[in-house]
Structure formats: structure tokens, C-alpha cells
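Listed below, chain by chain, are the residues.
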Amino acid sequence: MIELIVGTYGVVCWLVFKKFKLVPVTTYTVCTAILVGIIFLLGLAIVLSLCHPASHDGRLYSTITQLVPQVRGKVVAVPVKSNEPLKAGDILFEIESRPYQLEVERLEAVLASMEAKAEQLAARLVTAQAATEVARSNLLVSESENDRQARIALQSAQAQIVQTQSRLTLANASLARSRELQGSGAVSREELDVDIAKVGSLEAELSQAQSAERSAQETLESGGARLKAAQDELKRAEAMEHEAQIALDAESGGMNPEVRQAIADLEGKRWELEQTTVRAPSDGYVTHVTLRPGQMATPFSAGSSMLFVPSEKQWLVATFAQTAAVGLEPGLEAEIAFKAYPGQIFRAKVARILPINPEGQLIVNGQLQTATAASAPGNVAVAFEYGDDVVALKLPSGAQASIAVYTHHFHALAIVRKLILRIKSWENYLFFMQGLNALH
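The rules behind each value
- Residues numbered from 1 in each chain as written.
- Predicted model: local features only at pLDDT ≥ 70, side-chain atom pairs only at ≥ 80, totals over all residues.
- Heavy atoms only, no water.
- Helix = DSSP H or I, 4+ residues; strand = E, 2+ residues; numbered from the N terminus.
- Buried < 20%, exposed > 50% of the residue type's maximum accessible area, 1.4 Å probe, protein only.
- Contact = heavy atoms within 4.5 Å.
- Salt bridge = Lys/Arg side-chain N within 4 Å of Asp/Glu carboxyl O.
- Pairing = 2+ DSSP bridges.
- Axes fitted to C-alpha atoms, helices over the stretch in contact; angles between N-to-C directions.
- Core = buried A, V, L, I, M, F, W, Y, C linked by side-chain atoms within 4.5 Å.
- Expected span 1.5 Å × (residues − 1).
- Arc of directions from axis to C-beta.

> Would you explain the overall build of the protein chain in this entry?
Of the regular secondary structure elements, the protein chain holds 10 helices and 13 strands. For the protein chain, the residues scored as buried account for 30% of the 440 residues in total. Restricting the contact set of the protein chain to residue pairs at least 6 apart, pairs at least 24 apart contribute 80%.

Structure (C-alpha cells):
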């Protein structure tokens, strides 16, 4: 384009100086014409760069998903083929699942045993509660019988005391009379001794009755041996019920802790078993399938097992100098010229200016950061929206394009940038020149 402008300006100068001789040819006029041409070219270049900038490093980009398996194992099947369309959930490759299946079966058996033990806890509690009720009933019966027997014994001892005291009173009165009568000789010594012996016998009988009363009273208050045994049995039954209740109350969320842990372990192994089949995360395709059966797939591999390309609209990104990017904003009109389609221009719009450049990032790598070199370009990346006409081209990711953006300033000069872009697009027909250069 510069050659065309220079040539056009040269023709104008020839017409002015030679053809029509409107201006005499002198050193002053020639230098003035050359200086005007240089100033015109510089001004035009500056205005175009700032108001209607262009970039020749535009490219189509695709997001790549690196597929890394979640489990380790030997690859047994790779049914997918390179660059064939896939649906979400389609099988990409399979890892040997036998070790994980065996682990799942083992944990299922452990869980069944845990659940049986958990059910036994409930049954044990029911049994302990029933035993407690029986012991409590036996205690009530024992308390009733002991109370009735002790009261009968107490009443009998009390009645015996009353009788014995009456008889002892009479015997004491008879002994007193016998002693009075002995002095007068009316009662013999033998009769007196009989009365004395009778009083002693009644006193011993009274003492025995009183002892029986105390014993009956103590039995009534403390209970008998059968009652004691019933109380001990109730304590044992209550202790067993309390132990069973504690074991059952230890359940978390309505589930025994050991059973919950076994379920969690089992679910983890089932998940690992599912991960032995690696599936497509979304619609798309796999490119460069180099994985083969027999290779080891690991979750901590330095590289991915497969590269998956989602079926998403490609990004069109180009970089612009920082001085030109200041005037760019979303919604501005743009035009695209792909190298793959010489002579064709496609319309686009500025989608957004990306907020960060590679030169603006700090990466934690264990080393001190160095200042950015003054020669670093630090161009600003700009993303573009394009229409279905570009989508229909089905260009591969990485396809290069020249992109021109037209701002609202010096809008009349946009025609110059459009003309330059079209000339650049027509130059793409000279692709064979690259082949000639390659021969050299």
C-alpha cells in the first residue's frame, strides 16, 4: 500500500512539474515536494495506526481439555479415533477394572457384616429392656411377699409379748403372796421355789418374744434374702440396658458410625471403579490419539493421556500496540482477512480487551522476579466476535488472519485502512512465493 501511495504521489508530482509545468523545477520546489510527501506519509501512518489500527497476528484459538484419569491402571481399550465427533459421555478409553471390582466386593461384604452387627444392637437393647421389666416385676413380687411375711412375724411376736407380760404379771403377784405367806408358815419352801422358777421362765419367754419382735421389725425394714436377690438382678438388668442404649445412641445421623464409615469406603471404591472408564466431558473430539492398550495411565502423570477439544466457538484474538489499543472498545466494527481465503473480507466486532498480557503476570517459581526488559513489546490482546460466515469456513485452530478495527475518529480515513486490508488479502494469493523461498 505504501508503494501505491508513493507511486500515486510521484505521478502527481510528474504531472505538476513535467507534464503541465505548473511549478518550476528548482532545488527548493523539489525539496519541498519531497518533504511534503514524507510528512503526508508519516501523518497518514500515525492517524491510521491510532484511529484505525490493524494487526497481522490474529489467530483462531480453541480451549483444550487435558484428560488425566482419576485412577491408576493399565489401559485395556481405546475405542475413540482422532478428530471424530463425540457426544458427552462417549467412552474415550478404559482402564483395567478388576482390582477395583474386587475391592468393591470386599467392602460390600464388610458392610453387610457391619449392618448385621448394627441390627444386633437394636435386638440387644430390646432384650435388655425386657429383662429389666422382668426383674422389676420380680422385685415388686419379692417386696410384696417379704412385707406380708415380716408383718405376720411382727404381729405374732407382739401378741406373744402381750401374753407373756400378762402371765409374768400374774406370776410376780403369786410370787409376792408366796413370800408373805412363807413367813407365817402357810406356804412351804418348795411352793416358793416353784413360783420363783415360773417367774424366771416367763421372763425368759418375754425376752425371747421381744427378740423375735426386733428381728421381725428389722426384716420388715431391710428386706429378706429373696428381696435382696431380686434387687441385685434388677441392677444387673438395668446396667445391661444402659450399655445397649449407649451403643445404640452412638449412631451418627441415624446410622452406626462403623456402618457409616464402611458405606463411605464403599462409595469411594465404587467411584474409583467408575473412573476406570474415561468418558468425554462434553461434545467435541479428541485430537492426536497416541494412547494404546497396554500403556499405564496414572493420575499424576507429567502429561495428559489425551487432548480433548470441546465443541465450542473458537476464539479470534489479535494483539495491538499499546498506543493503538487505548482507543479500542467493545462494539467497534472490524474486518478480517484470513490467509486461507485470499481476496475475501469478513466482518467482525470487538468483543473485549483482555485484561492481562503475558508480560503482566507474576508466576511463583521460587525465584526473584526480574524487571521487564524495555524491548518487551507488551502488546494488548483483543478478542473479536465473528459471524456464521466465518464459522462455516471450518478453519482449524491456529489459522492466521489480518484484522483491522475502525474507530469513530477520522472516520473518512477508514476507507484507506479498508483498501490496505484488501490489498493485504489479495497478497495472500502469492502463497507460492513462500514455496519458492523454501526452495532456497
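Let's pick the thread back up.
> I keep staring at the pattern of salt bridges and nothing clicks. Help me out?
If charged atoms from side chains of opposite charge come close, those side chains can pair. Within the structure shown, the criterion is met by seven salt bridges. Of the charged contacts, one joins Arg-106 and Glu-103 as a salt bridge, the two residues approaching to 2.6 Å between their closest N and O atoms. Taken together, the residues Arg-106 and Glu-103, both in helix 3 (residues 98-184) and three residues apart, mark about one turn of the helix. With relative accessibility at 45%, the residue Arg-106 sits in the partly exposed group. A salt bridge links Lys-269 to Glu-272, with the shortest nitrogen-to-oxygen separation between them at 3.4 Å. Taken together, the residues Lys-269 and Glu-272, both in helix 6 (residues 257-274) and three residues apart, mark about one turn of the helix. Residue class for Lys-269 comes out partly exposed when judged on its relative accessible area of 25%. It is possible to trace a salt-bridge network through shared partners that takes in Glu-108, Glu-267 and Arg-270.

> Is there a simple way to explain the side chain of Thr-287 in this structure?
One can find Thr-287 in strand 6 (residues 284-287). When its relative accessible area of 14% is taken as the criterion, Thr-287 is described as buried. If we ignore the near neighbours within four places in the chain, the residues touching Thr-287 are Asn-83, Leu-307 and Val-309.

> Which parts of the structure should I look at to understand the sheet that holds strand 11 (residues 346-353)?
In sheet architecture, strand pairing relies on hydrogen bonds along the backbone and comes in two forms, parallel and antiparallel. Spatial ordering of the closed barrel is given by 1-9-12-11-10-13, a layout of six strands whose pairing is antiparallel. Taken over all neighbouring pairs, the strand axes of this sheet differ in orientation by 40° on average, direction set aside. Sheet analysis places strand 10 (residues 333-338) next to strand 13 (residues 400-406), joined by six bridges and oriented antiparallel. Opposite Glu-335, over in strand 13, you have Ala-404 as the bridge partner.

> Help me out: how do you make sense of the nonpolar core in this one?
Looking at soluble globular proteins, one finds that nonpolar side chains tend to be buried together. Val-78, Val-80, Leu-92, Phe-93, Val-286 and Met-306 are the most contacted members of the largest nonpolar core, which totals 25 residues. Only strand 4 (91-95), helix 3, helix 6 and strand 8 (306-310) provide two or more residues apiece to this core. Residues within four places of Val-286 in sequence aside, it is in contact with Val-80, Lys-81, Ser-82, Asn-83, Leu-86, Leu-92, Met-306, Leu-307 and Phe-308.

> Hey, could you run me through helix 6 in this one?
Turn by turn, an α-helix covers 3.6 residues, leaving residues three or four places apart pointing in a common direction. In this model, helix 6 (18 residues) spans 26 Å end to end at C-alpha, consistent with the 26 Å of a helix rising 1.5 Å per residue. Among the residues making up helix 6, those that are buried are Val-259, Ala-262, Leu-266 and Leu-273. The buried residues of helix 6 occupy an angular sector of 65° when projected down its axis, which confines them to one face.

> When you look at unusual backbone geometry in this model, what are you seeing that I'm missing?
Unusually for a residue other than glycine, Asn-83 sits at a positive phi of about 65°. One can find Asn-83 in the loop between strand 3 (73-77) and strand 4. For Asn-83, a relative accessible area of 48% translates into the label partly exposed. The backbone of Lys-394 shows a phi angle near 55°, a positive value even though the residue is not glycine. For Lys-394, the position within the fold is in the loop between helix 8 (388-391) and strand 13. Looking at Lys-394, the relative accessible area reads 74%, which means it is exposed.

> Sorry if this is basic, but what is going on with the pairing of strand 1 (residues 54-61) here?
Walk down a regular strand and you will see the side chains alternate between the two sheet faces. Where strand 1 and strand 13 come together, four bridges link them in antiparallel fashion. Bridge pairing in strand 13 places Ser-55 opposite Ile-403.

> Is there a simple way to think about helix 2 (residues 27-51) in this case?
Taking 1.5 Å per residue, 25 residues should reach 36 Å; helix 2 reaches 36 Å between its end C-alpha atoms and fits that length. For helix 2, every residue scored as buried is listed here: Thr-29, Ala-33, Gly-37, Leu-44, Val-47, Leu-48 and Cys-51.

> What is the right way to look at the sheet that holds strand 6 in this model?
The three strands are arranged 2-8-6 in an open sheet whose pairing can be described as antiparallel. The open sheet terminates on both sides in strands that have one partner only, identified here as strand 2 (65-67) and strand 6. Here the average twist between neighbouring strands, direction ignored, is 35°. The pairing of strand 6 with strand 8 spans four bridges and is antiparallel. Counted as the bridge partner of Val-286 is Phe-308 from strand 8.

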